[in-house]
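For reference, the chains in residue letters:
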Amino acid sequence: MMISILIPVYNTEKYLRTCLDSIINQTFTDFETVLVNDGSTDGSGKICDEYAQKDSRFVVVHKQNEGVAKARLTAFEHSKGELITFIDSDDIVLPDYLQKLSKPILEENADYVACGFSYVHDSGAQSFPKFRFSGSFESEQLTIFIKNNYFYDSKSKEWGMSWLLCSKMAKRNLVSEALKQGKGLWFGEDQLGSFYMLYNCKKLVIVPERLYNYMLHDVQASPDSEVQASKRYNEGLWDSLLKMFERYTQLDTQNIATKGIRKRTWIYINQTIFNKMSRVGISKSEFTRQISKVRGTPFMKEYFSPLSIGLGLKENIKYWLLKMKLYSLLYKLVERHLPSKSEKLQ
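Participant: Any chance you could explain a nonpolar patch on the surface here in plain terms?
Facilitator: On the surface, Leu313, Ile317, Trp320 and Leu333 cluster together into a nonpolar patch covering about 370 Å² of accessible area. Sort the elements by how many residues they give to the nonpolar patch and helix H13 (residues 313–323) lands first, with three residues. Relative to the helices and strands, Trp320 resides in helix H13.

Participant: How should the packing of helix H10 (residues 258–280) against H13 be read in this particular structure?
Facilitator: In helix packing, the relevant descriptors are the interaxial angle and the interaxial distance, both defined with respect to the helix axes. With their axes 12 Å apart at the nearest point, H10 and H13 run at an angle of 85° to one another. Put simply, H10 runs roughly perpendicular to H13. Mapping the contact onto sequence places Arg262, Trp266, Asn270 and Phe274 in H10 and Glu315, Lys318, Tyr319 and Leu322 in H13. A class-by-class count of the residues in the contact of H10 with H13 yields four nonpolar, one polar and three charged.

Participant: I keep staring at the pairing of strand E4 (residues 83–86) and nothing clicks. Help me out?
Facilitator: The side chains of a regular strand alternate between the sheet's two faces. In E4, alternate side chains face the same way, and those of Leu83 and Thr85 on one face and Ile84 and Phe86 on the other are all buried. Inspection of the sheet shows E4 paired to strand E11 (residues 168–171) by three bridges, in the antiparallel sense. Bridge assignment links Ile84 to a residue of E11, and that residue is Ala170.

Participant: Whenever I open this one, the side chain of Ser40 confuses me. Can you help?
Facilitator: Inspection of the secondary structure assignment puts Ser40 in the loop between strand E2 (31–38) and helix H2 (44–54). You can call Ser40 buried: its relative accessible area is 17%. Sequence-distant contacts of Ser40, that is, excluding residues within four places in its chain, are made with Val9, Tyr10 and Asn11.

Participant: Would you mind going over the packing of aromatic side chains with me for this structure?
Facilitator: What characterises a pair of aromatic rings is the spacing of the ring centres plus the angle enclosed by the ring planes. Inspection of the entire model under this criterion finds 20 aromatic pairs. Taking 6.2 Å as the distance between ring centres and 65° as the angle between the ring planes, the aromatic pair formed by Tyr303 and Tyr319 counts as edge-to-face. You can see Tyr303 sitting in helix H12 (residues 298–303) and its partner Tyr319 sitting in helix H13, a full 16 residues away along the chain. Given the relative accessible area of 4%, Tyr303 is considered buried. Members of the aromatic cluster, connected to one another through ring pairs, are Trp238, Trp266, Phe274, Phe287, Phe299, Tyr303, Phe304, Tyr319 and Tyr331. The cationic tip of Lys54 hangs over the ring face of Tyr51; the distance from NZ or CZ to the ring centre is 4.0 Å. Sitting over the face of the ring of Phe76, Arg172 holds its NZ or CZ atom 4.3 Å from the ring centroid.

Participant: Can you help me understand the nonpolar core in this one?
Facilitator: In globular proteins that are soluble, nonpolar side chains generally tend to be buried together. Formed by 109 residues in total, the largest nonpolar core has its most connected members in Leu20, Leu204, Trp266, Phe274 and Met277. Ignoring sequence-local partners within four residues, the contact set of Phe274 consists of Trp238, Trp266, Ile269, Phe287, Ile291, Leu322, Leu330 and Val334.

Participant: I tried to follow the pattern of salt bridges on my own but got confused; where do I start?
Facilitator: Any two side chains of opposite charge can pair, given that their charged atoms come close. If you walk through the whole model with that rule in mind, you get 13 salt bridges. Put simply, Asp38, Lys63, Glu66 and Lys70 are held in one network by salt bridges that share partners.

Participant: What is the right way to look at the pairing of strand E6 (residues 112–121) in this model?
Facilitator: Among the 10 residues in E6, nine count as buried, and that is most of the element. In this structure, E6 lies alongside E11, joined through three bridges in antiparallel fashion. Within E11, the position partnered with Val113 by the bridge is Met169. By the bridge criterion, two bridges tie E6 to strand E7 (residues 126–127) in an arrangement that is antiparallel.

About the cut-offs
Residues numbered from 1 in each chain as written. Predicted model: local features only at pLDDT ≥ 70, side-chain atom pairs only at ≥ 80, totals over all residues. Heavy atoms only, no water. Patch = residues over 30% accessible without salt bridge, like charges linked within 9 Å, V, L, I, M, F, W, Y side chains within 5 Å. Areas by Shrake-Rupley, 256 points an atom, 1.4 Å probe, with all protein chains shown as cover. Salt bridge = Lys/Arg side-chain N within 4 Å of Asp/Glu carboxyl O. Helix = DSSP H or I, 4+ residues; strand = E, 2+ residues; numbered from the N terminus. Axes fitted to C-alpha atoms, helices over the stretch in contact; angles between N-to-C directions. Parallel < 35°, antiparallel > 145°, perpendicular 65-115°, else oblique. Contact = heavy atoms within 4.5 Å. Nonpolar A, V, L, I, M, F, W, Y, C, P; charged D, E, K, R; others polar. Buried < 20%, exposed > 50% of the residue type's maximum accessible area, 1.4 Å probe, protein only. Pairing = 2+ DSSP bridges. Phe/Tyr/Trp six-rings, centres within 6.5 Å; stacked < 30°, edge-to-face > 60°. Lys NZ or Arg CZ within 6 Å of the ring centre and 35° of its normal. Core = buried A, V, L, I, M, F, W, Y, C linked by side-chain atoms within 4.5 Å.

Structure representation (C-alpha cells):
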C-alpha cells in the first residue's frame, strides 16, 4: 500500500528543507508527499516547488490562507494513498518512521497506529514525554483504554497517548471523516480528528519507539507562522476551546470518555488560556470580563456541576474559584502563575 504524507505549509521556510529531507531519507520508499502551501508570504512555496521538481513523490498545491484544518483537508483530497500520515512542516521524522508505523497495518490489520515522540528545542535540548502504554488494543480493551488511559492521569502525571494528528498513521477511510471534525476551528482541530479515529477504529497499535521529533521554536524566530499562532493569546481562544470540547462530547456517543474530557478541558483552560493570559499581562477588569462571559455559556454551566476536577488540590482551588465566580481571587493566581517547563511542553 502506498502511504500519503500530508503536510500543511505556512511560513516555515527556515525549517521546511530539514523536514522534507527527513522524508526523502525514509527506508520505506512507496510514498507520496502532498504539500499544501497555505498562502505563505515567505519562501515556503518556492521550496515546495523545488522539491516537487527534483522528486516526483512530492506534490504541491498552492492556495490562499484558510488555516491548518482546511489545508490538511485539501491535502487529503489531493492524495492517493491507502495509508495516511501527518507531518508538520517544521518537524522531523526518523528514517524508519514510515516503515514502523505501516508495519502493524500491513501485517496485523491495525487501522490506527501511533508512535512515541520527542520534543526538540532550537537549542538542541530534548525532552521525552512519558507515555504509559504500548501494544495492541481492540474490542473491550480499546474501550477501556479510551475510558481510563487515553487522557491525562493525575496520579502518574502522564498521558496515555498523544492527542496530535502528527506521529500517527491510519487507513484512508478512517481519516476521511476525521478531518471534517475540526471544521471552523483554528485551535484543537487536530485533537478532534485524532480522537475521532481512536473512537472509531477497530484496532489501535501504539509503537513505543520515538520516531517523531516535535520541534519547539522561539515565537520570535518565526512570529507569523501557523506553527507559532497557537503559542499566542487572544480572546478567540475561548470560543475555539469551548467549541472543541463541545464536539468532543458529541463524538463520545457512548459516554465512555466523559471524565477524561472534563480533565482535558480544565488542563487546556489552565495551560492554554490562563498561562497565555499571564504572559500578555491582561488586566484584572479584562480578565473578569472574558471569564464571566465564558462562565455563563451552557457548556461551562454544565461543566461545573461536579464538586471537583480531580487533578489535585492546586487545580481544585482554581476550579472552585471559577465555579463560585470568585474572579478577583482567581486573577491573583493567574497573574502570579509562571508556567513550568513541563507545562510549556503539553
